Amino acid sequence: MALRARALYDFRSENPGEISLREHEVLSLCSEQDIEGWLEGINSRGDRGLFPASYVQVIRAPEPGPAGDCGPGAPARYANVPPGGFEPLPVPPPDAFQPLLQPQQAPPPSTFQPPGAGFPYGGGPLQPSPQQLYGGYQASQGSDDDWDDEWDDSSTVADEPGALGSGAYPDLDGSSSAGVGAAGRYRLSTRSDLSLGSRGGSAPPQHHASGAKSSATVSRNLNRFSTFVKSGGEAFVLGEASGFVKDGDKLCVVLGPYGPEWQENPYPFQCTIDDPTKQTKFKGMKSYISYKLVPTHTQVPVHRRYKHFDWLYARLAEKFPVISVPHLPEKQATGRFEEDFISKRRKGLIWWMNHMASHPVLAQCDVFQHFLTCPSSTDEKAWKQGKRKAEKDEMVGANFFLTLSTPPAAALDLQEVESKIDGFKCFTKKMDDSALQLNHTANEFARKQVTGFKKEYQKVGQSFRGLSQAFELDQQAFSVGLNQAIAFTGDAYDAIGELFAEQPRQDLDPVMDLLALYQGHLANFPDIIHVQKGALTKVKESRRHVEEGKMEVQKADGIQDRCNTISFATLAEIHHFHQIRVRDFKSQMQHFLQQQIIFFQKVTQKLEEALHKYDSV
C-alpha cells in the first residue's frame, strides 16, 4: 500500500534536500510520520526530498507506487529519519571513506562515495573544522568602515610554534595519545563508539544483530540551519565533540545563592573610550574615526577604529553560542564624520564596553584582551598574529561546550530548568514589548521638547514682550519698572524654551541608549534558549528509547549529562543578565530623575528671577 498525499498549497524549495510542490499535485510519501513538521516524498516530477507536512493532505486510499517508490525496502537518503520512517544510516569513523555495511555483506565496486556524498546538508564521514561545520557570524563590510590591506592579510595561520591547523588531530598518526597533551592541555571528547567507532584502530564498529538497545540512536534535526545545529549544540549533545582544552580556557559555572552563575572575574577592570579623532591614510584618500581606549588594569592607551570593534564582535558571537554578546551601535552610511553622530556612537561604545568588561567570561576572553592591550599602531606583527590566532580558534561550535566546567549534575533538575527557561522566555518577551513602548514614548516626548515645547514657550515670551512694548507708549515714568519686569518675564520664557530643547540630551537620550543596548540582548536570547531547548528535546527522546528498550541507560545518561552542561551555562547567563539589568536600570533611573530635578530647578530659578523684578515696581 503506497502512501500518497495531495498538495494543498504551492511550496518553493529554498534549501538543499527540499522539493517544490504545486497546488493539487499528488506525491508519494516515504513515511507518514513527520519529523519536526517535515515529510519526505517524491513529487510528480520525480524529485525526492523534504517538504512541510502542513502543506499536504495524506490520501488513505491504496495506490501502486511509482518506479522510484521509497517504501520500506528502498534505501534511506536522510540519515536522520527516525525509526518510524527509515532506518538511520550509521555514522562511519573518521578514518573510513566508504559506507558502513551490514555484517557479511561485501561492498560492490560501484558503491564508493567521496566524503559528503549522500548527505543532503553537507555532513559526511570526515569531520570538518568547527568553522566549516557550524558557520558563524560574518563581520559586515558596509560602507561605514571599509577593510583595507593593513587589516587583512593573505596568511590565515597564526605564526606560533606548534599551532594546530583547523580541524587537525595530533593523535591521528599515533604520535601522541589521547588524554594529556602538552603542559596544561587535556583532550576531551564526547564521542561514543556507536557513532564514531575507534579513532586509532582498524577494527570496525561492532553491530549486534540481536541487541535492540544498541540499535536505536537519537535522531538529528532535519533543519540543519537551526541555531541548535549551527551553534554545535546538537553535535555536542549527541557526543560528537572532541578537542584539546587548556586549563586557562576552562569556563567555570558555580552554584551561587540564586542558582548557577558564572565564576567571578578575579581581576575586574573597566575601560574608558575617549578622544574620537578623524584620521587619514593613503595621503588623505581614506578617512576614519579613531577612539582611544584605556583599560584600568594596564593604563596603556590603544587606538581602535569601528571596524576593529566589528571584527571583535564577530569573533565573540561565533565563539560563545550561549552568551549574550552585546550589540554594537548601528552603522551609518552617510554623515559618519558629523559631530552628533560621532558623539552618539561613542556613547553607544561606552555602554558596549561596560557590558563587555562586566561579563565574567567575555572580560577574560583571549581575543578581547588582545583587542584591549595590543598596540596595533606600534606592533603590527603582534596584532596580526593575535588576530589570526583568534580566527583559527578551534574551541568554537561543539568544541566550545567542552570548555565548560559545571557543578555536579545532581544539583540540576531538568523539569525545574525547563520551567525557569519558559519563565525567562515570557519575561524577555514582555520586557522587549515594554522597552519598545518606552523607547517610542521617550523619543516622541523628546521630539516635542526639542520642537513643540520650545516653540510654545517662545510664543508666550514673545507675547509678554509685546505687552511690554504696548505699555511703553503711555510715557509715564512710574510705569517704567512694570514694563521692564514684563519684558524680563518674556525673556525668562524664551530661556525656559531653550532649556526644554536641550534637556533630552541630559535625561531621555541616555535612557534610550540603554534601551537600545538591552534590545540587542533581548534579540540574542531566543537563539540561546533554542540551544537549551534543543538539548532538552534530545534528552526526552533518549529517555523514550530507554523506556522502549531500544537504548542503553549509559548512553542516555551521557546525553543528559551533556544537556546539563548546556543548561548550567544557560542559567548562568540568565542570572548575569538579571544582575546587570538591575544594576543598569537602577543607575539610569537615578540619573534620569536627578537630571529632571536639576532641569525643573533651573526652570524654577528663571521664574523666581522674573518674579523678583516686580518687587521694585
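Residues numbered from 1 in each chain as written. Predicted model: local features only at pLDDT ≥ 70, side-chain atom pairs only at ≥ 80, totals over all residues. Heavy atoms only, no water.

### Describing the overall build of the protein
Just so we agree on the cut-off: The secondary structure listing takes helices from DSSP runs of H or I that are at least 4 residues long and strands from runs of E that are at least 2 residues long, numbered from the N terminus. Each residue's exposure class comes from its accessible area (1.4 Å probe, protein chains only) as a fraction of the maximum for that residue type: buried when under 20%, exposed when over 50%, partly exposed otherwise. By the convention used here, residues are in contact when the closest approach between their heavy atoms is within 4.5 Å. All accessible areas in this document rest on Shrake-Rupley with a 1.4 Å probe, and a residue is counted as covered only by the protein chains that are shown.
Check the secondary structure of the protein and you find 12 helices and 13 strands. Counting across all 617 residues of the protein, residues that qualify as buried make up 42%. Taking as baseline every contact in the protein between residues at least 6 positions apart, the subset at least 24 positions apart corresponds to 72%. Counting only carbon and sulfur atoms, one obtains 53% of the accessible surface of the protein, whose full area is about 32,300 Å².

### Some details on the pattern of salt bridges
Note the threshold: We count a salt bridge whenever a side-chain nitrogen from Lys or Arg sits within 4 Å of a carboxyl oxygen from Asp or Glu.
In total, this model carries 21 salt bridges according to the counting rule given. Between lysine 331 and aspartate 310 there is a salt bridge; the shortest N-O distance is 3.7 Å. Separated by 21 residues along the polypeptide, lysine 331 in the loop between α5 (306–319) and α6 (339–358) and aspartate 310 in helix α5 bring together distant segments of the chain. Residue classification places lysine 331 among the partly exposed positions, given a relative accessible area of 29%.

### Let's talk about the environment of phenylalanine 401
When you line up the elements, phenylalanine 401 lands in the loop between α8 (380–391) and β13 (404–405). Taking C-alpha positions, phenylalanine 401 is 9.1 Å from alanine 569, a pair spaced 168 residues apart along the chain. With near-sequence residues (within four places) excluded, phenylalanine 401 lies in contact with Ser231, Gly232, Gly233, Phe236, Pro321, Val322, Val531, Thr565 and Ile566.

### Observations regarding the sheet that holds β13
Heads up, the condition is: Two strands pair if DSSP finds at least two bridges between them. Here an axis means a line fitted to C-alpha atoms, over the contact stretch when the element is a helix, while the angle between two N-to-C directions is reported on a 0 to 180 degree scale.
A sheet is described by the order of its strands in space; here 3 strands give the open sequence β9-β8-β13, paired in mixed fashion. The two strands at the open ends of the sheet, each matched to only one other strand, are β9 (259–262) and β13. Bridging between strand β8 (residues 251–256) and β13 involves 2 bridges; their strand directions are parallel. Bridge pairing in β13 places leucine 251 opposite leucine 404. Of the strands in this sheet, β8, β9 and β13 are in contact with helix α12 (residues 553–612), which crosses β9 at around 75°.

### What to know about the side chain of histidine 576
On the secondary structure map, histidine 576 appears in helix α12. Other than its neighbours up to four places away in sequence, histidine 576 contacts Trp262, Ser358, His359 and Pro360.

### Some remarks on the sheet that holds strand β5 (residues 56–59)
Within the open sheet, the 5 strands sit side by side as β4-β3-β2-β1-β5. Their pairing is antiparallel. For this open sheet the edge positions go to β4 (48–52) and β5, each flanked by a neighbour on one side alone. On average, each strand axis in the sheet is inclined to that of its neighbour by 45°, with strand direction left out of account. Pairing of strand β1 (residues 3–7) with β5 involves 4 bridges; the strand directions are antiparallel.

### What to know about the packing of α6 against helix α11 (residues 508–547)
Put simply, the test is: Any angle that falls under 35 degrees is termed roughly parallel, while one over 145 is termed roughly antiparallel, one within 65 to 115 roughly perpendicular, and all others oblique. Take the far helix as the reference: if the near one is turned anticlockwise from it by less than a right angle, the crossing is left-handed, and if turned clockwise, right-handed. Gly counts as polar in this scheme, as do all residues outside two lists: the nonpolar Ala, Val, Leu, Ile, Met, Phe, Trp, Tyr, Cys and Pro, and the charged Asp, Glu, Lys and Arg.
Look at α6 against α11: their axes get within 10 Å of each other, and the N-to-C directions meet at 50°. By the angle class used here, α6 and α11 are oblique. Where α6 crosses over α11, the handedness of that crossing is right-handed. In this structure, α6 contributes Lys344, Lys347, Trp351, Trp352 and His355 to the contact, and α11 contributes Pro510, Asp513, Leu514, Leu517, Tyr518 and His521. When grouped by side-chain class, the residues that make up the contact of α6 with α11 number 6 nonpolar, 2 polar and 3 charged.

### Notes on unusual backbone geometry
Here the phi dihedral of aspartate 275 falls at roughly 50°; this positive angle occurs in a residue that is not glycine. With respect to the helices, strands and loops of the structure, aspartate 275 is situated in strand β10 (residues 271–281). By relative accessible area, aspartate 275 is classed as partly exposed at 45%. If you check the backbone angles, glutamine 299 has positive phi at about 60° while not being a glycine. Residue placement: glutamine 299 occurs in the loop between β11 (286–295) and β12 (302–305). Given the relative accessible area of 54%, glutamine 299 is considered exposed.

### Overview of the environment of leucine 251
Within the fold, leucine 251 resides in strand β8. Overall, the relative accessible area of 15% leaves leucine 251 in the buried class. Separated by 153 residues in sequence, leucine 251 and leucine 404 place their C-alpha atoms 4.9 Å apart. Not counting residues within four places of it along the chain, the set of residues in contact with leucine 251 comprises Trp262, Phe320, Val361, Phe400, Thr403, Leu404 and Ser405.

### Quick look at the nonpolar core
Put simply, the rule reads: Buried Ala, Val, Leu, Ile, Met, Phe, Trp, Tyr and Cys residues that are joined via side-chain atoms within 4.5 Å together make up what is termed a nonpolar core. Delimitation of the domains relies on an automatic or database domain assignment.
Counting 82 residues, the largest nonpolar core has Leu293 and Met353 as its most contacted members. Of the residues that make up this core, three or more belong to each of domain 2 (261–405) and domain 3 (414–613). The residues contacting leucine 293, other than those within four sequence positions of it, are Cys271, Thr272, Ile273, Val300, Pro301, Val302, Arg304, Phe309, Met353, Phe371 and Leu372. Listed in part, the 10 residues of the second largest apolar core include Ala5, Ile19, Leu29 and Val56.

### Quick notes on the packing of aromatic side chains
Here is the rule we go by: Stacked, tilted and edge-to-face pairs are distinguished by plane angle, under 30 degrees for stacked and over 60 for edge-to-face with tilted covering the rest, among Phe, Tyr and Trp rings (Trp via its six-membered ring) whose centres lie within 6.5 Å.
Per the counting criterion, the structure on display carries 23 aromatic pairs. For the ring pair phenylalanine 424 and phenylalanine 427, a centre distance of 6.0 Å and an interplane angle of 25° mean the geometry is stacked. Of this pair, phenylalanine 424 and phenylalanine 427 both sit in helix α9 (residues 414–471), 3 residues apart, roughly one helical turn. Taking the centre distance of 5.9 Å and the plane angle of 85° together, the rings of phenylalanine 424 and phenylalanine 577 count as edge-to-face. Residue phenylalanine 424 is located in helix α9, and its partner phenylalanine 577 is located in helix α12; the two are separated by 153 residues in the primary sequence.

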